[in-house]
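Examining the three-dimensional arrangement
Listed here are the chains, written in short residue letters.
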Amino acid sequence: MTDTADAIRVPTVEDEARFWALVEAAWERLGPEPAALRRALATRDPEADDVDPYAIHDWLDPFLASLRALCADLSGRELTDLDRVVERKLHDIDREDVHEVTDGSDDGFLYCRGWIVALGREFYEAVRADPAMAVLDADCEEMYYQMRASAPPFRGKARAGGPSGPSVL
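Residues numbered from 1 in each chain as written. Predicted model: local features only at pLDDT ≥ 70, side-chain atom pairs only at ≥ 80, totals over all residues. Heavy atoms only, no water.

1. Notes on the overall build of the protein
Applicable threshold: Secondary structure elements are taken from DSSP: a helix is a run of H or I of four residues or more, a strand is a run of E of two residues or more, and numbering for both begins at the N terminus. Only protein chains enter the calculation, and the probe is 1.4 Å; a residue is then buried if its accessible area is under 20% of its type maximum, exposed if over 50%, and partly exposed in between. The contact criterion used throughout is that any non-hydrogen atoms of two residues lie within 4.5 Å. Surface accessibility follows the Shrake-Rupley procedure with a 1.4 Å probe radius. Residue values consider only the protein chains on display as shielding.
When helices and strands are tallied, the protein shows nine helices and zero strands. Ordered by position from N to C terminus, the α and β elements of the protein give α-α-α-α-α-α-α-α-α. Residues classed as buried in the protein amount to 41% of the 169 residues present. Residue pairs at least 24 apart in sequence account for 71% of intrachain contacts in the protein once pairs closer than 6 positions are excluded. Summing over all exposed atoms, the protein offers an accessible surface of approximately 8,600 Å²; the carbon and sulfur share of this is 51%.

Below, the structure is given as structure tokens:
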């Protein structure tokens, strides 16, 4: 594949399936408590006040560490493919109706969309179908650049120019 073709390559169905499988595997390593919280968030009635949407917050750092560990042996190319999936997922919920629920600045809205993606496919699809399922001021900035930060030679380090640098590895 040429450099130009590589730069415009879109995520494949396989890339997407691999990404969601990695997210689920990272959560599964943490046990039943976060699984129950994620399920409750994805299936709750957003009008009822019976689920604390912020209870999952304490599990985000362990989840991200678990995801980093699962990605540790992936090549730069594989991580680029997964990063493109993240970008696509963030883009697909970059909608006014979702922003109305989540509130926040432009950056805050990006980080909230990262939170939506980080919670996994079931929650992501619930929000995509019904923006009322989104959560006000939720935040997982790290999900935005998780795959890029896992790529060699950046593993465990911030990239020059910060996390908003170019996504092609």
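2. Looking at a negative patch on the surface
This is how it is decided: Here the term patch refers to residues with relative accessible area over 30% and no salt bridge, with like charges joined within 9 Å and nonpolar side chains (Val, Leu, Ile, Met, Phe, Trp, Tyr) within 5 Å. Within this document, salt bridges are pairs made up of a side-chain nitrogen of Lys or Arg and a carboxyl oxygen of Asp or Glu, the two lying within 4 Å of each other. Charge assignment in this entry is limited to Lys and Arg as positive and Asp and Glu as negative, and neither His nor the chain termini are counted. Just so you know, the charge point we use is NZ for Lys, CZ for Arg, CG for Asp and CD for Glu.
Residues D45, E47, D49, D50, D52 and D130 make up a contiguous surface patch of negative charge. Tracing the sequence through the fold places D45 in the loop between α3 (32-43) and α4 (60-71). The exposure class assigned to D45 is partly exposed, which follows from its relative accessible area of 42%.

3. Some points on the confidence of the model for the protein
Definition in use: Confidence of the predictor in every single residue is expressed as pLDDT, which spans 0 to 100.
When pLDDT is averaged along the protein, the result is 86; 84% of the residues meet or exceed 70. The weakest mean pLDDT in the protein belongs to helix α1 (residues 3-8) at 57; the strongest belongs to helix α8 (residues 121-129) at 98.

4. Here's the deal with the nonpolar core
Filter applied, for reference: Definition used in this section: a nonpolar core is a set of buried Ala, Val, Leu, Ile, Met, Phe, Trp, Tyr and Cys residues joined via side-chain atoms within 4.5 Å.
Among the nonpolar cores identified, the biggest contains 43 residues, and F19, F63, W115, I116, F123 and M143 are the most heavily contacted of them. Only α2 (13-28), α3, α4, α5 (76-92), α7 (106-118), α8 and α9 (141-150) provide two or more residues apiece to this core. Counting residues per element, this core draws most heavily on α7, at eight residues.

5. What to know about unusual backbone geometry
Its identity is not glycine, yet D137 carries a phi of approximately 60°, on the positive side. Tracing the sequence through the fold places D137 in the loop between α8 and α9.

6. Some thoughts on the packing of α4 against α9
Heads up, the condition is: Angles shown run from 0 to 180 degrees and are taken between the N-to-C directions of axes, each axis being a line fitted to C-alpha atoms and, for helices, limited to the stretch in contact. Here roughly perpendicular refers to angles of 65 to 115 degrees, roughly parallel to angles under 35, roughly antiparallel to angles over 145, and oblique to all remaining angles. Helix crossings get a hand from a simple test, with the near helix turned counterclockwise from the far one by less than a right angle marking a left-handed crossing and a clockwise turn marking a right-handed one. Under the scheme applied here, ten amino acids are nonpolar (Ala, Val, Leu, Ile, Met, Phe, Trp, Tyr, Cys and Pro), four are charged (Asp, Glu, Lys and Arg), and all others, including Gly, are polar.
At their nearest, the axes of α4 and α9 sit 10 Å apart, and the two run at 25° to each other. Classed by the angle they form, the pair α4 and α9 counts as roughly parallel. Here α4 and α9 pass one another in a crossing that is right-handed. Where α4 abuts α9, its residues F63, L64, L67, R68 and C71 lie against E142, M143, Q146, M147 and S150. Considered class by class, the residues forming the contact of α4 with α9 number six nonpolar, two polar and two charged.

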